[in-house]
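Architecture and fold: a report
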Amino acid sequence: MAEENDNSQEKTEEPTPRRLEKAREDGQTARSKELATMAVLLAGAGGLLVFGKSLAMSMEQIMRGAFVLERGEIFDTRFMSTQLIGSAWDATVALSPLLLLLLIASIAGPIGIGGLLFSGKAIAPKLNRMDPIKGLKRMFSARSLVELVKAILKVSLVLAVAILILNLRTEDLLSIAEEPAVPAMAHVVWTMAWSFFFLACATIVIAVIDVPFQIYDHQKKLRMTKQEVKDEYKDTEGKPEVKGKIRQLQREMAQRRMMADVPTADVVITNPTHYAVALKYDQKSMGAPVVVAKGADEVAFKIMEIARENKVELLRTPPLTRAVYHNTKVGEEIPDGLYMAVAQVLAYIFQLRQFRKGHAPKPTMPNFPIPKDMRRDI
C-alpha cells in the first residue's frame, strides 16, 4: 500500500492547461538565453554587413571633421566642446539603424519561445530566494552543473571558430596595415562584419541544442502527480457529488417546466403502464405537431394525472406512443415518418369531441401506420 502511495506522488503526468496557464500568470515560461544571444549577435553581424559601408563613410567624415582644424578654430575655446557634441550626434545618427536592429533582436530573441509575457509576480521579492542554504543547494545542483558544462562548451565552440577565422584571415588582416586610411577603414569594417557573422553563426548550433532542452525542462518542472491532476479536476469541474446534485436539480426544473405545458396539449397518447407523450398542434404557428411533454413510468403516470385534471384527451396507442417517445425530444416536432399516424390521432380526437357534443357519430379508432425503422417493442 505504501509503495502504491509513493508511486502516486511521482510527477509522471503532463501539465494540464490550467497548470500551464497558472505558470504563465506567475511568470514561468520556457526561455532560452542562448536563443536571445544568437538573435542579438546575428542581428549585429547582419547589421554590420548591411550598414557597414555607410557606417565607414560616416566614421570617415566624423574623423575628417575632428582632425582637420582651421587656424581660427584653434584659438576658439568653445570649438572643442561644439565639435565633440557635433561628432557625437553624427555618430549617433550613423549608428541608429544598427542600434534599432539590435533593439528589435533583443526583444524578439527572448520571446522566441514562450511568447510575450508581462507578470508582476516574476519580479516580486521572495524571501526564500534570500535563504543562503537554498542558495548553496542551487549553486551545487544538477542544473548548475548542466549550466557549467554548457558554458564550457559554448566558450570552446566560439573559441574554435574564432581561431579558425583568424587562421583563414591572417594575411588579409596584415595587408590592412599597408592600405591608405580611408580604404583601410572600409576594409576593417568589412572584415570585422564577416568575422563577427561567422562567430555569430556558431551560436546557432548552441541555440538549436538549448531551445528543445529548455522546453523539455520547463515541461518537466510543471509535471504533476496523479493526485494533483485529480485535485485540480475537482477544483475546476466541481466534486462529483456536487455535479450530480446540480444535474438532479436541473432535471427537476426541466420536469416542472414540462409538466406545466401538459394542460396546453391537444392529446396525451399512452402505453398505460410505461410511457406517456403529450402532443400539441397549432395550424397558425406550427409546421407539425410538437411534443410538449413525455415520460416513462412515474413521470408518465404524472403526465396522465395532470391531463385528467385538465381534461386533456388520453388516447391508448402503445405502438405509436413507443415510436414517438423513442424518436423525439421534448420541444421538437415529430419526425416525418410519424406525420400520418399523428395526423390520424388528431383527427380522431376532433371527431371524438364532435361525437360527445352530439354533432357526429361515434368514430372508430384507426390503425395508426408506423414505419418499420421507427417501431419499438419496449
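Cut-off values and rules
Residues numbered from 1 in each chain as written. Predicted model: local features only at pLDDT ≥ 70, side-chain atom pairs only at ≥ 80, totals over all residues. Heavy atoms only, no water. UniProt positions renumbered as here; feature names shortened; annotations may be inferred. Helix = DSSP H or I, 4+ residues; strand = E, 2+ residues; numbered from the N terminus. Buried < 20%, exposed > 50% of the residue type's maximum accessible area, 1.4 Å probe, protein only. Contact = heavy atoms within 4.5 Å. Patch = residues over 30% accessible without salt bridge, like charges linked within 9 Å, V, L, I, M, F, W, Y side chains within 5 Å. Areas by Shrake-Rupley, 256 points an atom, 1.4 Å probe, with all protein chains shown as cover. Salt bridge = Lys/Arg side-chain N within 4 Å of Asp/Glu carboxyl O. Phe/Tyr/Trp six-rings, centres within 6.5 Å; stacked < 30°, edge-to-face > 60°. Core = buried A, V, L, I, M, F, W, Y, C linked by side-chain atoms within 4.5 Å. Expected span 1.5 Å × (residues − 1). Bend = angle between axes of the 7 residues up to and from the residue. Axes fitted to C-alpha atoms, helices over the stretch in contact; angles between N-to-C directions. Parallel < 35°, antiparallel > 145°, perpendicular 65-115°, else oblique. Nonpolar A, V, L, I, M, F, W, Y, C, P; charged D, E, K, R; others polar.

By the naming in an unreviewed UniProt entry, the protein chain goes by Flagellar biosynthetic protein FlhB and is assigned to Marinobacter segnicrescens. Per UniProt, the protein chain carries the Subcellular location (unreviewed entry) text "Cell membrane". The record in UniProt for the protein chain states the following under Sequence similarities (unreviewed entry): "Belongs to the type III secretion exporter family."

1. Digging into the environment of Pro 371
Within the secondary structure layout, Pro 371 lies in the segment after helix H14 (339-356). When its relative accessible area of 25% is taken as the criterion, Pro 371 is described as partly exposed. Measuring from C-alpha to C-alpha, the distance between Pro 371 and Ala 323 comes to 9.1 Å, with 48 residues separating the pair along the chain. Every residue in contact with Pro 371, bar those within four places of it in the chain, is listed here: Gly 337 and Leu 338.

2. Side note on a nonpolar patch on the surface
A cluster of nonpolar side chains, contributed by Leu 145, Leu 148, Val 149, Ile 152 and Leu 153, occupies part of the molecular surface with about 480 Å² of accessible area. Take Ile 152: it is sitting in helix H8 (residues 142-175). Classification of Ile 152 by relative accessible area gives partly exposed; the value is 47%.

3. A closer look at the packing of aromatic side chains
Per the stated rule, a full pass over the model turns up four aromatic pairs. Between the aromatic rings of Trp 194 and Phe 197, the centroid separation amounts to 5.8 Å while the plane-to-plane angle is 85°, which identifies the pairing as edge-to-face. Residue Trp 194 and its partner Phe 197 are located together in helix H9 (residues 181-221), separated by three residues, close to a single helical turn. Owing to a relative accessible area of 25%, Phe 197 belongs among the partly exposed residues under this scheme.

4. Some details on the nonpolar core
With 23 residues, the main nonpolar core has Ile 269, Leu 279 and Leu 320 as its most contacted residues. Elements supplying a minimum of two residues to this core: strand S1 (267-271), strand S2 (275-280), helix H13 (318-327) and H14. Sorting elements by how many residues they give to this core places H14 first, with seven residues. Excluding anything up to four places from it in sequence, Leu 320 contacts Ile 269, Leu 338, Ala 341, Val 345, Phe 368 and Ile 370.

5. Regarding the pattern of salt bridges
Applying the stated rule across the entire model yields three salt bridges. Between Lys 154 and Glu 34 there is a salt bridge; the shortest N-O distance is 2.8 Å. One end of the pair, Lys 154, is in helix H8; the other, Glu 34, is in helix H3 (residues 33-67), and 120 residues separate them in sequence. Residue classification places Lys 154 among the partly exposed positions, given a relative accessible area of 26%. Of the residues examined, Glu 34 reaches a relative accessible area of 8% and is grouped as buried. In this structure, Asp 217 and Lys 221 form a salt bridge, with 3.8 Å as the shortest nitrogen-oxygen distance. Taken together, the residues Asp 217 and Lys 221, both in helix H9 and four residues apart, mark about one turn of the helix. The exposure class assigned to Lys 221 is partly exposed, which follows from its relative accessible area of 49%.

6. Structural notes on the side chain of Arg 322
The residue Arg 322 is located in helix H13 in this model. For Arg 322, a relative accessible area of 15% corresponds to the buried category. Residues within four places of Arg 322 in sequence aside, it is in contact with Asn 271, Tyr 275, Arg 376, Asp 377 and Ile 378.

7. Points about the side chain of Gln 214
For Gln 214, the position within the fold is in helix H9. With residues near it in sequence (within four places) discarded, Gln 214 still touches Ala 30, Arg 31, Ser 32, Ile 113, Arg 143, Glu 147 and Lys 150.

8. Some details on H8
Helix length check: H8, at 34 residues, gives a terminal C-alpha distance of 49 Å against a target of 50 Å (1.5 Å per residue), a fit within 8%. Along its length, H8 shows its largest kink, about 60°, at Arg 169. All of the buried residues along H8 are Lys 150, Val 161, Ile 165 and Arg 169.

9. Looking at the packing of H3 against helix H5 (residues 79-108)
Close contact between H3 and H5 brings their axes to 9 Å; oriented N to C, the two are set at 170°. Viewed along their axes, H3 and H5 adopt a mutual orientation that is roughly antiparallel. Of the residues in H5, those in contact with Ala 39, Val 40, Ala 43, Gly 44, Gly 47, Leu 48, Phe 51, Leu 55, Ser 58, Ile 62, Gly 65 and Ala 66 of H3 are Gln 83, Ser 87, Asp 90, Ala 91, Ala 94, Leu 95, Pro 97, Leu 98, Leu 101, Leu 102, Ala 105 and Ser 106. Classifying every residue of the contact of H3 with H5 by side-chain character gives 16 nonpolar, seven polar and one charged.

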